[in-house]
Amino acid sequence: MAEPGTRAAEAVADRGWRLRHLPVLVVASVLMAAVAAVAGGLARGADGALGAAAGVAVTAVSYTLTTVVLAWADARDPQLVLPFGLGVYIAKMTLLGGVMVLVASTGWPGLVPFALGIAAGVVVWTGVHIWWLAAVHARRAPR
């Protein structure tokens, strides 16, 4: 285990490490949103295109928010990561659940593509994040 303060010194030396992966993930999400819009449009017309792209966008915004909040908390004190992470998660899931219930009550035909867009956004974000950690970050980490 590292000596106390070692991690803090390393973090100060490389302040961008907590968010370094974010641009790659956002670009992958934008590309996925375009693909989802085309697929949703082919399946359900304009409502499907809008719903699918919006689902991917919701996922990207959600994960970006979490990343930024956790990076901020970790930069202040690593013991803040758990409470802030749980708080953001509870807030996001409550808001998402409320939005889904409201949208479902309108009978909007883009709801199913919206839900599928969320799922696709999760898969793409998670997959690209795993790739980034395994391929890019692993090369940068000291051995």
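Bear in mind that the values here come from a model prediction, so they are computed numbers and not experimental data.

**Brief notes about the UniProt feature "transmembrane region" (unreviewed entry) in the protein**
Mapped onto the present numbering, the UniProt feature "transmembrane region" (unreviewed entry) falls on residues 22–43, 49–73, 80–105 and 111–134. Secondary structure content for residues 22–43 is 100% helix and 0% strand, while the C-alpha to C-alpha distance between its ends is 31 Å. Between the end C-alpha atoms of residues 49–73 there is a gap of 36 Å, over a span that is 100% helix and 0% strand.

**Some thoughts on the packing of aromatic side chains**
Inspection of every chain in the model, using the stated rule, returns two aromatic pairs. Seen from their ring centres, Y63 and W125 are 5.4 Å apart, and the 70° between their planes marks the pair as edge-to-face. One end of the pair, Y63, is in helix 2 (residues 22–76); the other, W125, is in helix 4 (residues 111–140), and 62 residues separate them in sequence. Note on Y63: relative accessible area 25%, which makes it partly exposed. Both rings, one in W72 and one in F84, keep their centres 5.2 Å apart while their planes meet at 65°; by these two values the pair is edge-to-face. Separated by twelve residues along the polypeptide, W72 in helix 2 and F84 in helix 3 (residues 81–106) bring together distant segments of the chain. Taking the relative accessible area as the measure of exposure, F84 reaches 33% and is therefore partly exposed.

**What to know about the confidence of the model for the protein**
Looking at the protein as a whole, the pLDDT averages 88, with 84% of positions reaching at least 70. Mean pLDDT across the elements of the protein bottoms out in helix 1 (residues 6–13) (57) and peaks in helix 2 (95).

**Regarding the pattern of salt bridges**
The final tally for this structure, using the stated rule, is one salt bridge. Among the salt bridges present, the one from R18 reaches D74, with a minimum N-O distance of 3.0 Å. With R18 in the loop between helix 1 and helix 2 and D74 in helix 2, the pair connects residues that are 56 residues apart, well separated along the chain. For D74, a relative accessible area of 10% gives the class buried.

What counts, and at which threshold
- Residues numbered from 1 in each chain as written.
- Predicted model: local features only at pLDDT ≥ 70, side-chain atom pairs only at ≥ 80, totals over all residues.
- Heavy atoms only, no water.
- UniProt positions renumbered as here; feature names shortened; annotations may be inferred.
- Helix = DSSP H or I, 4+ residues; strand = E, 2+ residues; numbered from the N terminus.
- Phe/Tyr/Trp six-rings, centres within 6.5 Å; stacked < 30°, edge-to-face > 60°.
- Buried < 20%, exposed > 50% of the residue type's maximum accessible area, 1.4 Å probe, protein only.
- pLDDT = per-residue confidence, 0-100.
- Salt bridge = Lys/Arg side-chain N within 4 Å of Asp/Glu carboxyl O.

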